[in-house]
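Inside the fold
The residues making up each chain are set out below.
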Amino acid sequence: MREYKVVVLGSGGVGKSALTVQFVTGTFIEKYDPTIEDFYRTEQFASMRDLYIKNGQGFILVYSLVNQQSFQDIKPMRDQIVRVKRYEKVPLILVGNKVDLESEREVLTAEGRALAQEWGCPFMETSAKSKTMVDELFAEIVRQMNYASLPEKQDQCCTTCIIQ
Ligand code: GDP
Ligand code: MG
């Protein structure tokens, strides 16, 4: 078996932890320890993110579709990935999470789709709460990483998720 290093990026509260925990354990968490980023917005953290990106092989960029600001926030994150990896075609998926909150939507499906088209990556709307497209999301990032078929780390035996 192969090890896949997936990095989940997005601003605080978009559901990075909830999506990952839903995929791994099949349960939805209403309250989870806030991710380190939410508390340590320091320069030290910026270099920490560089390190995550350097080690990551696949990237899930998450915004909350009930929060327009979170959609704006992911654009510089994608720039950072391209800068650190020095490569445009890094395995990456754009995700609008919280699709169960349709009545509170602030980011149109068309907006997400257009950004993904610009980036040349897949786009999905998910819900960690109702488990919509969660398995499909992780299956797709693995598919992308296999397609990119990075030659290293072929012989390891588990999946690593770095939640940020
Ligand atoms: P993170 O900071 O990106 O890791 O965000 P969390 O995973 O901690 O989620 C932040 C809040 O949003 C928590 O209260 C979650 O229960 C909630 N949440 C996460 N995903 C969803 C979702 O798909 N739908 C709804 N309704 N709430 C969600
Ligand atoms: Mg978190």
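Since the structure is predicted, the reported quantities are computational estimates derived from the model, not experimental observations.

Turning our eyes to something else, we now look at the overall build of the protein. When helices and strands are tallied, the protein shows six helices and five strands. Listed N to C, the secondary structure of the protein is β-α-α-α-β-α-β-α-β-α-β in terms of helices and strands. Every one of the 164 residues in the protein was classed for burial, and the buried ones make up 47%. A separation threshold of at least 6 residues defines the contact pool for the protein, and within that pool the share at least 24 residues apart is 80%. For the protein, the exposed area adds up to about 8,800 Å²; of that, 53% sits on carbon and sulfur atoms.

Residues Gly-112, Leu-115, Ala-116 and Trp-119 constitute the buried set of helix H5 (residues 109–119). One side of H5 holds all its buried residues, which, seen down the axis, span an arc of 100°. H5 presents Gln-117 and Glu-118 as exposed residues on the side facing more than 90 degrees away from its buried surface. Against the buried residues of H5 lie strand S2 (58–64), helix H4 (68–85), strand S3 (92–97) and strand S4 (123–125). Positive backbone phi, at 65°, marks Gly-120, one or two positions downstream of H5.

About the criteria used
Residues numbered from 1 in each chain as written. Chains lettered and ligands numbered in written order. Predicted model: local features only at pLDDT ≥ 70, side-chain atom pairs only at ≥ 80, totals over all residues. Heavy atoms only, no water. Helix = DSSP H or I, 4+ residues; strand = E, 2+ residues; numbered from the N terminus. Buried < 20%, exposed > 50% of the residue type's maximum accessible area, 1.4 Å probe, protein only. Contact = heavy atoms within 4.5 Å. Areas by Shrake-Rupley, 256 points an atom, 1.4 Å probe, with all protein chains shown as cover. Arc of directions from axis to C-beta.

On their own, these measurements won't tell you what the molecule is for.
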